[in-house]
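Fold and geometry: a report
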Amino acid sequence: MNYSVIFRKTLLLILLAVPVLLLDSCSSSSGKKGGKTSSSKSKSGKGREVASKGKGGKKSRNSKKEDIGMVNGEIVATSRKGWKQTTPQGMVLIPSGSYMMGQADEDIVSSSVNFNKRVSVAQFFLDDTEISNNEYRQFTTAMLTDSISVLGEEKIMTEYYPDTTVWSKDFTYHNGDPMTEYYFSSPAFDLYPVVGVSWRAAKYFCEWRTKALNDYRTAEGMYISPRFRLPSEAEWEWAARGGKASAKYPWGNPYVANGKGCLLANFKPHRGNYDSDGYAYTAPVNAYNPNDYGLYNMAGNVAEWCIDAYSDNSVAITWDLNTLNDDKDEPRKVIRGGSWKDVAYYLETGTRSYEYEDKKRSYIGFRCAMTHLGRSSGKEFR
């Protein structure tokens, strides 16, 4: 028997078998540096594949998904799928920024209630126009249809329904009867700003608008949206400036008329002359040119409720990041922007005033804001 031939054949078989065994071992064990497998993967977050891990780099046969974002008992969660904050209907996205909040010109009445202070404001959404009569009518109709058994008709009509009699009560020796009768009810005023609404009613409108949106989103299997709310005083002023840090008025220049002599807002430019801007009372919510953020009537038309409580020394008592005076015991609330009955001083971006939270006026309306979650890349502003 030739043992040398047998030995050579045996050695050749061993040399051929070893690589096959090694390849098989690599395919059935972790094989990669750090113990990550290449064959058993789990989808997580935005489609990203995350390798399952076992202690010491070995794959556990008894492992299973124990919880959302968990694989083999370890946290591998990334972003949840399906979340995207879209711009709500009728709103624009206001970029974050820092500016000198306060009077942009001399304080002609020497009120000394708005000293300059550098503040920073996070990104947020804001209605491009004031809430119109027709928009607010959707709210009152829903209240009288769906909530009358809960709130009662008297509460809805006295607290949340616009007080149309303000057109007669706000001014002495003034014939406000036609406005009282037709302003909220007639289609002629559908696109005019709602007035006769208190700060409390404006807040409740924001709550109703939030519920209407999130009821729909929930029914469609989407994540809920941040709530609608009134803008803070700092947000309102930052938005009114339209990206122009020291703008006296929302349109940027220090004059209330353009080069042709056309007035740029709805206000009282001359004593007794309410009509020279084109409208004796309010104007449509999209009248005049918007500022550089696309916002209409941030000066004039109707003054606007802010969420802040009013204080003469707000500069001293508020922080400089997302400034807010949330004093629930203070019944005076900030109003901004001036109105159709005011002189130009009240149209300035830095002028502030107040009204009591339960008062309804023919010259005060509002618009809604919404927090933007996170921070964008800024591409939407290019």
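Residues numbered from 1 in each chain as written. Predicted model: local features only at pLDDT ≥ 70, side-chain atom pairs only at ≥ 80, totals over all residues. Heavy atoms only, no water.

Considerations on the overall build of the chain
A tally of helices and strands in the chain yields 9 helices and 14 strands. A separation threshold of at least 6 residues defines the contact pool for the chain, and within that pool the share at least 24 residues apart is 70%. Taken as a whole, the chain presents about 21700 Å² of accessible surface, with 53% of it coming from carbon and sulfur. (Helix = DSSP H or I, 4+ residues; strand = E, 2+ residues; numbered from the N terminus. Contact = heavy atoms within 4.5 Å. Areas by Shrake-Rupley, 256 points an atom, 1.4 Å probe, with all protein chains shown as cover.)

A few points about the environment of Ala299
Tracing the backbone through its elements, the reader meets Ala299 in the loop between α8 (233–241) and β10 (303–309). Looking at Ala299, the relative accessible area reads 4%, which means it is buried. In contact with Ala299, other than residues within four places in its own chain, are Pro250, Trp251, Ala265, Gly337 and Leu347. (Buried < 20%, exposed > 50% of the residue type's maximum accessible area, 1.4 Å probe, protein only.)

Topic: empty space enclosed by the protein
Inspection of the entire model under this criterion finds 2 cavities of 30 Å³ or more. Here the largest cavity is characterised by a volume of approximately 120 Å³. Forming the walls of the largest cavity are 14 residues, and the residues nearest its centre are Met101, Ser314, Val315, Thr318 and Thr323. Elements supplying a minimum of two residues to the lining of the largest cavity: β7 (117–121), α8 and α9 (314–317). Split by residue class, the lining of the largest cavity holds 5 nonpolar, 5 polar and 4 charged. Of the voids in this model, the second largest cavity is the one considered here, and its volume is about 40 Å³. Surrounding the second largest cavity, Asn133, Pro162, Asp163, Thr164, Val166, Trp167, Tyr183, Phe184 and Val195 form its lining. Tallied by class, the residues present in the lining of the second largest cavity amount to 6 nonpolar, 2 polar and 1 charged. (1 Å grid on protein atoms, 1.4 Å probe; cavity = no way out; pocket = protein on both sides within 12 Å on 5 of 7 lines; lining within 4 Å. Points joined across faces, edges and corners; volume = space filled by probe spheres on them. Nonpolar A, V, L, I, M, F, W, Y, C, P; charged D, E, K, R; others polar.)

Things to note about the sheet that holds strand β5 (residues 91–94)
What the 4 strands build is an open sheet, ordered β5-β8-β14-β9; its pairing is antiparallel. If you trace the sheet from one side to the other, it starts and ends with β5 and β9 (228–229), each paired once. (Pairing = 2+ DSSP bridges.)

Considerations on the layout of surface pockets
Empty space among the atoms can be located by rolling a probe the size of a water molecule over them. Each pocket or cavity is described by its volume, and for the largest pocket that value is around 580 Å³. In terms of lining, the largest pocket is formed by 27 residues, of which the most central are Arg227, Arg229, Leu230, Ile307 and Leu324. At the level of elements, α7 (199–219), β9 and β10 are the ones that each hand at least two residues to the lining of the largest pocket. The dominant element in the lining of the largest pocket, judged by the number of residues it contributes, is α7, at 4 residues. In terms of residue class, the lining of the largest pocket is built from 9 nonpolar, 8 polar and 10 charged. Computed from the structure, the second largest pocket encloses a volume of approximately 380 Å³. Around the second largest pocket, the lining comprises 15 residues; the ones closest to its centre are Gln89, Gly90, Asp127, Glu135 and Arg209. Elements that contribute at least two residues to the lining of the second largest pocket include exactly α2 (133–146) and α7.

Some remarks on α7
Taking 1.5 Å as the rise per residue, α7 with 21 residues should run 30 Å; its terminal C-alpha atoms sit 31 Å apart, in good agreement. Taken together, the buried positions of α7 are Trp199, Ala201, Ala202, Phe205, Cys206, Arg209, Thr210, Asn214 and Arg217. Where α7 ends, the next residue or the one after it, Gly221, has phi of about 75°, a positive value. (Expected span 1.5 Å × (residues − 1).)

Examining the packing of α2 against α7
The geometry of α2 relative to α7 is characterised by a closest axis approach of 11 Å and an angle of 80° between their N-to-C directions. Here α2 lies roughly perpendicular to α7, going by the angle between them. On α7, the residues that touch Glu135, Tyr136, Gln138, Phe139, Ala142 and Met143 of α2 are Ala201, Tyr204, Phe205 and Trp208. Here the residues of the contact of α2 with α7 are counted per class, giving 8 nonpolar, 1 polar and 1 charged. (Axes fitted to C-alpha atoms, helices over the stretch in contact; angles between N-to-C directions. Parallel < 35°, antiparallel > 145°, perpendicular 65-115°, else oblique.)

Regarding the packing of aromatic side chains
Summed over the entire model, instances satisfying the criterion amount to 28 aromatic pairs. Ring centres 6.2 Å apart and planes at 70° place the aromatic pair Tyr279 and Tyr288 in the edge-to-face group. Here the aromatic cluster, defined as three or more aromatic residues joined through ring pairs, consists of Trp167, Phe171, Tyr183, Phe189, Tyr192, Tyr274, Tyr281 and Trp340. Stacked on the ring of Phe184, the Lys or Arg Arg137 has its end atom at 5.1 Å from the ring centre. Sitting over the ring of Trp199, Lys333 keeps its end group 4.4 Å from the ring centre. (Phe/Tyr/Trp six-rings, centres within 6.5 Å; stacked < 30°, edge-to-face > 60°. Lys NZ or Arg CZ within 6 Å of the ring centre and 35° of its normal.)

Describing the sheet that holds β10
The mixed open sheet is built from 4 strands, whose spatial order is β12-β11-β10-β13. Bordering the open sheet on either side are β12 (352–356) and β13 (364–365), each of which pairs with just one other strand. Here β10 pairs with β13 via 2 bridges, running parallel. Its bridge partner lying in β13, Ala303 is registered against Ile364. α7 rests against β10 and β11 (332–336) of the sheet, and its axis sits at about 85° to β10.

Quick word on the nonpolar core
The biggest cluster of nonpolar side chains holds 36 residues, and the ones touching the most others in it are Tyr136, Trp305, Phe366 and Cys368. Secondary structure elements with two or more residues in this core: β5, α2, α4 (153–160), α5 (166–169), α7 and β10. Of all the elements, α7 adds the most residues to this core, at 5 residues. Residues contacting Phe366, with those up to four places away along its chain left out, are Glu130, Ile131, Tyr136, Val194, Val197, Ala202, Phe205, Leu230, Glu304 and Trp305. Listed in part, the 21 residues of the second largest apolar core include Val113, Val119, Ala234 and Tyr293. (Core = buried A, V, L, I, M, F, W, Y, C linked by side-chain atoms within 4.5 Å.)

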